[in-house]
Amino acid sequence: MEEALELTHLSIRQYQRPGGEVIALLVVAPSKSDRERVIPMSAELFGVIAAIVRRHTRDGGTVPLLPRYDPHERRSSAPMPFLFQRRIGTNHEVISDTTVVNMLKRRCGELAEHHPAFHAADFTPHDFRRLLATDLVNHGLPTHIGAALLGHLNLQTTRGYVAVFNEDVVRHYQGFLDRRRQARPADEYRPVTDTEWRGFEELRPPKG
């Protein structure tokens, strides 16, 4: 949430790939580590960011410059064109952490009117970071790439985020073994005997 609230109009960049394709980038200020990181924006994310900028500049002006108070460092930043700001009456202010949490609670309440399971939901912004990490890695993105996108200097941190279900691992590995068996001579493989299975059971550590 801190990284999102610190995004400014200056965080939006572009990059031209060797083939000439131009992609939009989002520069995330240091929060999890001591260095900036650059995230390629999907079309959906770019659409959201563009809508935010248009909302702030719809009267022909620029994104207002505002200071942002950091509750962790207990100081205000220099005036910046923060993306997540709002106008209350005639004043502008950067959206606070508490406001974001309350917005999520209200949204869950609205969803619960049609989906009762959301009555028990209590999302935090960090939950969506974990959900994204899990979705990326479970759909084939290498862990070290996910770590770079999330700003993790240690791969173990990313692995701790990711919920990889054992059954999914077993299913994919079993599929690999089946494909390999089909490509090899049949006599290289045989079923496990009852004696071998009992020996394996005896080698396993006791439960608990």
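Use the structure listed above.
Computed from a prediction, not measured in an experiment: that's the story for all the values here.

Looking along a regular strand, one sees the side chains alternate between the two faces of the sheet. Strand direction decides the pairing type here: strand β6 (residues 85-88) and strand β7 (residues 91-94), joined by four bridges, are antiparallel. For Arg-86, the partnering residue across the bridge sits in β7 and is Glu-93. Linking two consecutive strands that pair antiparallel, namely β6 and β7, is a turn of two residues; a positive phi of about 70 degrees is found at Gly-89 within it.

Attention now goes to the pattern of salt bridges. Summed over all chains, the structure comprises six salt bridges. A salt bridge links Arg-129 to Glu-3; the shortest N-O distance between them is 3.8 Å. With Arg-129 in helix α4 (residues 125-138) and Glu-3 in helix α1 (residues 2-5), this pair connects stretches of sequence that are 126 residues apart. For Arg-129, a relative accessible area of 13% gives the class buried. Arg-75 is the salt-bridge partner of Glu-73, the closest N and O atoms lying 2.9 Å from each other.

Pairing within the open sheet is antiparallel, and its three strands lie in the order β1-β2-β3. The open sheet is flanked by β1 (12-16) and β3 (37-40), the only strands paired with a single partner. Pairs of neighbouring strands in the sheet enclose a mean axial angle of 40 degrees, with direction left out of account.

Time to look at the packing of aromatic side chains. Applying the stated criterion to the full structure yields two aromatic pairs. Between Phe-118 and Phe-123, the ring centres sit 6.5 Å apart and the planes meet at 45 degrees, which makes this aromatic pair tilted. Taking relative accessible area as the criterion, Phe-123 reaches 28% and is therefore assigned partly exposed. Judged by centre distance (5.5 Å) and plane angle (35 degrees), the rings of Phe-123 and Phe-128 are tilted. Among the aromatic residues, those joined into a cluster by ring pairs are Phe-118, Phe-123 and Phe-128.

Another point: helix α2 (residues 43-56). Taking 1.5 Å per residue, 14 residues should reach 20 Å; α2 reaches 20 Å between its end C-alpha atoms and fits that length. Among the residues of α2, those classed as buried are Ile-49, Ala-50, Ile-52, Val-53 and His-56. Considered in projection along α2, the buried side chains sweep an arc of 155 degrees and stay on one side of the axis. The outward face of α2, more than 90 degrees from its buried face, is lined by the exposed residues Ala-43, Glu-44 and Arg-54.

Most peptide bonds adopt trans geometry, and most residues besides glycine take a negative phi value. Notably, Arg-74 is not glycine yet its phi reads approximately 55 degrees, a positive angle. Mapped onto the elements of the fold, Arg-74 is located in the loop between β4 (69-70) and β5 (75-76). According to the relative accessible area criterion, Arg-74 is exposed, its value standing at 69%.

All right, on to the pairing of β3 then. Alternating positions in β3 separate cleanly, Arg-37 and Ile-39 being buried on one face and Val-38 and Pro-40 remaining unburied on the opposite face. Here strand β2 (residues 22-28) runs beside β3; their pairing, made up of four bridges, is antiparallel. Within β3, the residue paired with Val-28 across the bridge is Arg-37.

Now for helix α3 (residues 97-112). In this model α3 runs 23 Å from its N-terminal to its C-terminal C-alpha over 16 residues, within 8% of the 22 Å that 1.5 Å per residue would give. Turning to α3, its buried residues number three or more, namely Asp-97, Thr-99, Val-100, Cys-108 and Ala-112. For α3, the elements touching its buried residues are α1, β6 and α4.

With eight residues, the main nonpolar core is built from Leu-7, Ala-24, Leu-26, Met-41, Ile-49, Ile-52, Val-53 and Leu-83. Elements that contribute at least two residues to this core include exactly β2 and α2. Looking at this core element by element, the count peaks at three residues for α2. Apart from the residues lying within four places of it in its own chain, the contact partners of Ile-49 are Ile-12, Met-41 and Leu-83.

Conventions adopted
- Residues numbered from 1 in each chain as written.
- Predicted model: local features only at pLDDT ≥ 70, side-chain atom pairs only at ≥ 80, totals over all residues.
- Heavy atoms only, no water.
- Pairing = 2+ DSSP bridges.
- Helix = DSSP H or I, 4+ residues; strand = E, 2+ residues; numbered from the N terminus.
- Salt bridge = Lys/Arg side-chain N within 4 Å of Asp/Glu carboxyl O.
- Buried < 20%, exposed > 50% of the residue type's maximum accessible area, 1.4 Å probe, protein only.
- Axes fitted to C-alpha atoms, helices over the stretch in contact; angles between N-to-C directions.
- Phe/Tyr/Trp six-rings, centres within 6.5 Å; stacked < 30°, edge-to-face > 60°.
- Expected span 1.5 Å × (residues − 1).
- Arc of directions from axis to C-beta.
- Contact = heavy atoms within 4.5 Å.
- Core = buried A, V, L, I, M, F, W, Y, C linked by side-chain atoms within 4.5 Å.

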